[in-house]
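Fold and geometry: a report
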Amino acid sequence: MNRKTLLFSAALLATAGQVFAGSSAPITTATSTATTEEHNPLLMFDAFRVSGYGAFNMEFDKSLGELDVWQVELHTFLSKPINFGPDLTFLPTFRYEGTFLRYDGTLPGFPLKDEDLHSIELPLYLIHTTPSSPWICGAYLRPALATDFDHIDSDDIFVDAAIGAGYKFSDSFYLGAGLAIEDAFGNEELIPGLAFLWSPTPDLTFQLLGPVFDAVWNATPDWRVGVDIRAAGGAWNIDDNNISRTIDFSSYRAGVHVHRRLVDTWWLEGGAGITFANEMNLKTPNGLGLNEAVLGDLDEGIYGYLAVRKEVW
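Notes on the structure in this doc start here. (Residues numbered from 1 in each chain as written. Predicted model: local features only at pLDDT ≥ 70, side-chain atom pairs only at ≥ 80, totals over all residues. Heavy atoms only, no water.)

A cluster of acidic residues, Glu 59, Asp 61, Asp 297, Asp 299 and Glu 300, forms a negative patch at the surface. Locating Glu 59 in the fold gives a position in strand β1 (residues 48-59). (Patch = residues over 30% accessible without salt bridge, like charges linked within 9 Å, V, L, I, M, F, W, Y side chains within 5 Å. Areas by Shrake-Rupley, 256 points an atom, 1.4 Å probe, with all protein chains shown as cover. Salt bridge = Lys/Arg side-chain N within 4 Å of Asp/Glu carboxyl O. Lys, Arg positive; Asp, Glu negative; His and termini not counted. Charge placed at Lys NZ, Arg CZ, Asp CG, Glu CD. Helix = DSSP H or I, 4+ residues; strand = E, 2+ residues; numbered from the N terminus.)

A few words now on the environment of Asp 87. As for its position among the elements, Asp 87 is in the loop between β3 (82-84) and β4 (88-104). Take Asp 87: its relative accessible area is 24%, and that puts it in the partly exposed class. Here the alpha-carbon distance between Asp 87 and Ile 136, two residues 49 residues apart in the chain, equals 10.0 Å. Asp 87 has contacts with Ile 127, His 128, Thr 129, Thr 130 and Pro 131, leaving out every residue within four places of it along the chain. (Buried < 20%, exposed > 50% of the residue type's maximum accessible area, 1.4 Å probe, protein only. Contact = heavy atoms within 4.5 Å.)

On to unusual backbone geometry, then. Its identity as a non-glycine residue notwithstanding, Asn 242 has a phi of 65 degrees, on the positive side. Here Asn 242 shows up in the loop between β13 (223-240) and β14 (243-263). A relative accessible area of 72% places Asn 242 in the exposed class. Within the chain, Asn 291 stands out as a residue other than glycine whose phi angle is a positive 55 degrees.

What follows is about the pairing of strand β2 (residues 66-77). One ladder, built from ten bridges, connects β1 with β2; its direction is antiparallel. Bridging from a neighbouring strand, Ser 51 pairs with Glu 73 of β2. As consecutive antiparallel partners, β1 and β2 are separated by six residues, and within that stretch Gly 65 has a phi angle of approximately 110 degrees, a positive value. Two strands pair when backbone bridges link them, and β2 and β4 are joined in this way by twelve bridges, in the antiparallel orientation. By the bridge assignment for β4, Gln 71 is matched with Thr 99. (Pairing = 2+ DSSP bridges.)

Right, here's the structure in full:
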């Protein structure tokens, strides 16, 4: 489970309201022929997405060996936005992520082994907005099971929550902020998040949602090119010789992504770039670090990404 996306989710609440508010009709998105008013603040929040990601050649700074990470993801809205009156909107979603850690060149006795890790999440969004007001606010709750499935107990369950607020200065500029609590019933941590969306022209959008920055140029109605910088990684509970342990892998990636419309609102997206600020830690469930003499920072690596996604209904 990529718990760093709490920053994204808290900030997302600050810009989501104008899209969800007032109607359960399909959400509109921008193309190179769209007007500024049609820009969607949820440019990176897809109604459906299936993706694959690989990061390679990340060498440990404190010990021999390197790490490769493979990930597959399925994310989908469970329904169209559900309206409770004119001002309150609820959105249930579902997300599965499989993460496969593979080590190479490590010495005997290295504290980690190859792992197949799974995260099953139910992110829930509640958005409040008034058509006559530029203010937007919302709340977010994400119960999740993040585990290796060797043994499941309460340590495998994570609950995250966030609140956010934002202001619509114009149809082309939104600004907001949020506050998230990570692992609310375990090793809790408060995390702030910022957000903005700025579309200086109908074809160009700059968007920051917590740890996700995206600059996208709509070259044609069917082609987009963007610079993508975001947090990656996650945290999972594993069974280590019948003892609960938490694997915490954090990383950032920066690269160029190309988007090609397949049909209607379905898109194919591919990208590649570098990973940086990579770190691998092993902890007890209450956050105590283990094997810090051989774990910790990893060198930069490279990544590749491929996804099929649907922007709207």
